[in-house]
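Commentary on secondary and tertiary structure
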Amino acid sequence: QVQLVESGGALVQTGGSLRLSCVVSGRTFSSYVMGWFRQAPGKEREFVAGISRSGGVTHYADSVKGRFTISRDNAKNTVYLQMNSLRPEDTADYYCSAGPQRWEYTHWGQGTQVTVSS
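This is a predicted model, so every value here is computed, not measured. (Residues numbered from 1 in each chain as written. Predicted model: local features only at pLDDT ≥ 70, side-chain atom pairs only at ≥ 80, totals over all residues. Heavy atoms only, no water.)

Take the overall build of the chain next. Scanning the chain from terminus to terminus reveals zero helices and 11 strands. Sequence-ordered secondary structure for the chain, helices as α and strands as β, is β-β-β-β-β-β-β-β-β-β-β. Taking 118 residues into account, the globule formula puts the C-alpha radius of gyration at 13 Å, and the chain, at 13 Å, falls close to it. Along the first, second and third principal axes, the C-alpha set of the chain runs to 40 × 25 × 25 Å. (Helix = DSSP H or I, 4+ residues; strand = E, 2+ residues; numbered from the N terminus. Rg over C-alpha atoms; globule rule 2.2 N^0.38 Å.)

This is the structure:
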């Protein structure tokens, strides 16, 4: 059973940066496609970024391209989301997710809250 634990969420001012981390349990981390999603108050959960098993391919939502970077360290069973140039509209609960292939995310973390003040 795969378990995911996010950390790094905080209150930050507009223009600031944060790095979120997600530690994944088990010995088969490299077999999973990883992704980050977010959900703002009163809105549906949306895709933010995804990364392939080896880390060689990444995808981003248009709203975060050029500002966010997803990466993974398979030796540490960890996926990261570096967030720069943060805006108030980035305020949300951020969730780490794992799945066997693209667009098939089957395991989810509990979330970490990011608040960007104006």
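The next point concerns the sheet that holds strand S3 (residues 18–24). Spatially, the four strands line up as an open sheet ordered S1-S3-S8-S7, and their pairing is antiparallel. This sheet does not close on itself; its edge strands, each paired only once, are strand S1 (4–7) and strand S7 (68–73). Taking the axes of each pair of neighbouring strands and ignoring which way they run, one obtains an average angle of 15° across the sheet. Inspection of the sheet shows S1 paired to S3 by four bridges, in the antiparallel sense. Along S3, the bridge assignment pairs Ser-7 with Ser-21. (Pairing = 2+ DSSP bridges. Axes fitted to C-alpha atoms, helices over the stretch in contact; angles between N-to-C directions.)

Tracing the backbone shows Asn-77 in the loop between S7 and strand S8 (78–83). Look past the residues within four positions of Asn-77 in its chain and what remains in contact with it is Cys-22, Val-23, Val-24, Ser-25, Gly-26 and Phe-29. (Contact = heavy atoms within 4.5 Å.)

Pairing of side chains with opposite charge becomes possible as their charged atoms draw close. Tallied over the entire structure, the rule returns four salt bridges. Among the ionic pairs, Asp-90 bridges to Arg-38, the shortest N-O distance being 2.9 Å. With Asp-90 in the loop between S8 and strand S9 (92–99) and Arg-38 in strand S4 (residues 33–39), the pair connects residues that are 52 residues apart, well separated along the chain. Both residues of the pair, Asp-90 and Arg-38, belong to the buried class. Among the salt bridges present, the one from Asp-90 reaches Arg-67, with a minimum N-O distance of 2.8 Å. A residue pair is termed long-range when its members are at least 10 positions apart, and Asp-90 in the loop between S8 and S9 and Arg-67 in the loop between strand S6 (58–60) and S7 qualify at 23 residues. By sharing partners, the salt bridges in this structure join Arg-38, Glu-46, Arg-67 and Asp-90 into a single network. (Salt bridge = Lys/Arg side-chain N within 4 Å of Asp/Glu carboxyl O. Buried < 20%, exposed > 50% of the residue type's maximum accessible area, 1.4 Å probe, protein only.)

Formed by 28 residues in total, the largest nonpolar core has its most connected members in Met-34, Trp-36, Val-79, Leu-81, Met-83 and Tyr-94. Going through the elements one at a time, S3, S4, strand S5 (46–51), S7, S8, S9 and strand S11 (112–117) are the ones with two or more residues in this core. (Core = buried A, V, L, I, M, F, W, Y, C linked by side-chain atoms within 4.5 Å.)

Take Thr-112: it is sitting in strand S11. Its relative accessible area of 11% is what places Thr-112 among the buried residues. Within the local environment of Thr-112, its side chain forms a polar contact with the backbone nitrogen of Gly-9, the two atoms lying 3.0 Å apart. In this structure Thr-112 touches Glu-6, Ser-7, Gly-8, Gly-9, Leu-20, Ala-92, Asp-93 and Tyr-94, once residues within four positions along its chain are discounted. (Polar contact = N/O pair within 3.5 Å; in protein donor to acceptor, adjacent residues only side chain to side chain.)

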